[in-house]
Amino acid sequence: EEIEDKSFSLAQAIMSTQSWGGQAQAVNAGVGIFFQQEPDGRVYVKTVVKGGSADRDGNVCVGDIITMVEERSVLGEPLPVLRSLILGPQGTNVNLTFVREGEQGENTFDVQLTRGTAEYFSALDNAASKVNERRRSVQHGGYGAHSASIGRQSYGGPMATPPNMGMGASMSNDRMSPEGDDDVESLRLRQRQVLATAAAHKEEIERLRRMIMHERHDMEMREKEMKDMESRHREEAGRLSDQMRKADASRRDLEAQLLPMEQRIQDMEEEIAKGKDKERLRKEYIEELKVFLAEHCQYSR
């Protein structure tokens, strides 16, 4: 019972912390899902990481649309916000709500997933396997042989002796205490946890580096497009300015040509007016001549 309790306390400690340089630090992790956002704002499951929390749970599938995290709606939220809501201390739980589209319509379902990497769950499985093996060894009275076997493997073989230790000390391998086994297994599990965390951090850094490079490339492309657009606008403004100057020059030329024409029109209007006056006087003279002739004819008779 003492061995079982210590093994389970070790597994529980690994679920939430890691040891690095003698200081316990919380390890943040996700649930083994890569998301992708559509132009309409919806976020769907792009990849389910093998061995991760979602893969072990078995309910989440590629194409499912996430709608809520801990009863908070995430519809339309950007991916960084969604990621900050899902990430948390390794070994803790998070409640997610998904919508799955099918032939019979949409199906909404909730899942509770444990945060952690695939390596983290593998380490927990190994620890649970060790616990079960030790429980069986204790139940069958074979813990001494099992402890001796672990002791010999730890130092490289059945005939090897630990560094800086004599024959008398090597004989004590067969009588290693359960606490020593727990310490060795604790160090191994913590080492695997540190390596898994370092690999996850390296992967995250690489992902962020690629994202930054992609955003930098997009910014450079947008800056180049803006410069090209500005250059085109300057060329267009220069072309329009030249056209305006030419149009203004043409207007001045037309005005200069129009002035003599207006003067000629005015002179022609005056000539027409004089002609009308002459025609009126001629008609009056003819009428007077007709009257005079008529009177002269009557007088002659």
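Calculation notes
Throughout, residues of each chain are indexed from 1 in the direction in which the sequence is written. Confidence filtering applies because this is a predicted model: local features only for residues at pLDDT of at least 70, side-chain atom pairs given and counted only at 80 or more, and all residues used for totals across whole chains, interfaces and linings. Heavy atoms throughout the structure, all of them, feed into the side-chain values; hydrogens and water do not. For salt bridges, the criterion is a side-chain nitrogen of Lys or Arg within 4 Å of an Asp or Glu carboxyl oxygen. Only DSSP runs of H or I with at least four residues qualify as helices, and only runs of E with at least two residues qualify as strands; both kinds are numbered from the N terminus onward. Throughout, exposure labels follow a simple rule: accessible area from a 1.4 Å probe, protein chains only, divided by the maximum for the residue type, with under 20% read as buried, over 50% as exposed, and the rest as partly exposed. Two strands pair if DSSP finds at least two bridges between them. The aromatic pairing rule takes the rings of Phe, Tyr and Trp, using the six-membered ring of Trp, and pairs them if the centres are within 6.5 Å, calling planes under 30 degrees apart stacked, those over 60 edge-to-face and the rest tilted. Nonpolar core, defined: a set of buried Ala, Val, Leu, Ile, Met, Phe, Trp, Tyr and Cys residues in which side-chain atoms within 4.5 Å join the residues together. Charge assignment: positive for Lys and Arg, negative for Asp and Glu; neither His nor the chain ends contribute. For this analysis, a polar contact is any N or O atom pair within 3.5 Å, provided that within protein one partner can donate a hydrogen and the other can accept it, and provided that sequence-adjacent residues contribute only side-chain to side-chain pairs.

Sorry if this is basic, but what is going on with the pattern of salt bridges here?
Should the charged atoms of two oppositely charged side chains come close, the side chains can pair. If you walk through the whole model with that rule in mind, you get 18 salt bridges. Here D64 makes a salt bridge to R100, at a shortest N to O gap of 2.8 Å. A residue pair is termed long-range when its members are at least 10 positions apart, and D64 in the loop between α2 (53-57) and β6 (65-69) and R100 in strand β9 (residues 93-102) qualify at 36 residues. A residue is classified by how much of its surface remains accessible, and D64, at 2% relative accessible area, is buried. The salt bridge involving E204 is made with R83; its shortest N-O contact spans 2.5 Å. Within this pair, whereas E204 is found in helix α7 (residues 178-300), its partner R83 is found in helix α3 (residues 79-86), the two being separated by 121 residues in sequence. Counted as one network, the salt bridges with shared partners bring together D248, R251, R252 and E255.

What should I look at first to understand the pairing of β9 in this one?
Remark: a regular strand shows side chains that alternate across the two faces of the sheet. Where β6 and β9 come together, four bridges link them in antiparallel fashion. If you follow V69 over to β9, its bridge partner there is L96. As paired strands, β9 and strand β10 (residues 105-114) are joined by 10 bridges and run antiparallel to one another. Bridging from a neighbouring strand, R100 pairs with N107 of β10. Count of turn residues in the β9/β10 antiparallel hairpin: two residues.

How should I be thinking about unusual backbone geometry in this particular structure?
Most of the time, phi is negative for any residue but glycine, and the peptide bond is trans. You will see that E70, though not glycine, has its phi angle at about 55°, which is positive. With respect to the element layout, E70 can be found in the loop between β6 and β7 (72-73).

What am I meant to see in the pairing of strand β4 (residues 33-37) here?
Where β4 lies against strand β5 (residues 43-48), five bridges are found, and the strand directions are antiparallel. Looking across to β5, one finds that Q36 is bridged to Y44. Between β4 and β5, which pair antiparallel and follow one another directly, the connecting turn spans five residues, one of which, G41, has a positive phi of 100°.

Is there a simple way to think about the packing of aromatic side chains in this case?
Two aromatic rings, taken as a pair, are described by how far apart their centres are and by the angle between their planes. Inspection of every chain in the model, using the stated rule, returns two aromatic pairs. With a centroid separation of 5.8 Å and an interplanar angle of 20°, the aromatic rings of F98 and F109 are classed as stacked. Placement of F98 in strand β9 and of F109 in strand β10 is noted, with a sequence separation of 11 residues between them. Take F98 and F109: they sit in the same class, and that class is buried. On the numbers, 5.1 Å between centres and 70° between planes, the contact of Y120 with F121 is edge-to-face. For the residue pair Y120 and F121, the accessibility class agrees, reading buried in each case.

Can you help me understand the nonpolar core in this one?
Proteins that are soluble and globular tend to have nonpolar side chains buried together. Formed by 18 residues in total, the largest nonpolar core has its most connected members in I33, F35, I66, L96 and F98. Of all the secondary-structure elements, those providing two or more residues to this core are β4, β5, β6, α3, β9 and β10.

Help me understand the side chain of R115, please; the structure alone is not making it clear to me.
Residue position: R115 is located in the loop between β10 and α4 (118-139). E70 provides the closest opposite charge to the buried, salt-bridge-free R115, at an N-O distance of 5.1 Å. Looking at R115, its side chain comes within polar contact range of the main-chain oxygen of I86, at 2.6 Å. Only 2.8 Å separates the side chain of R115 from the side chain of T92, close enough to count as a polar contact.

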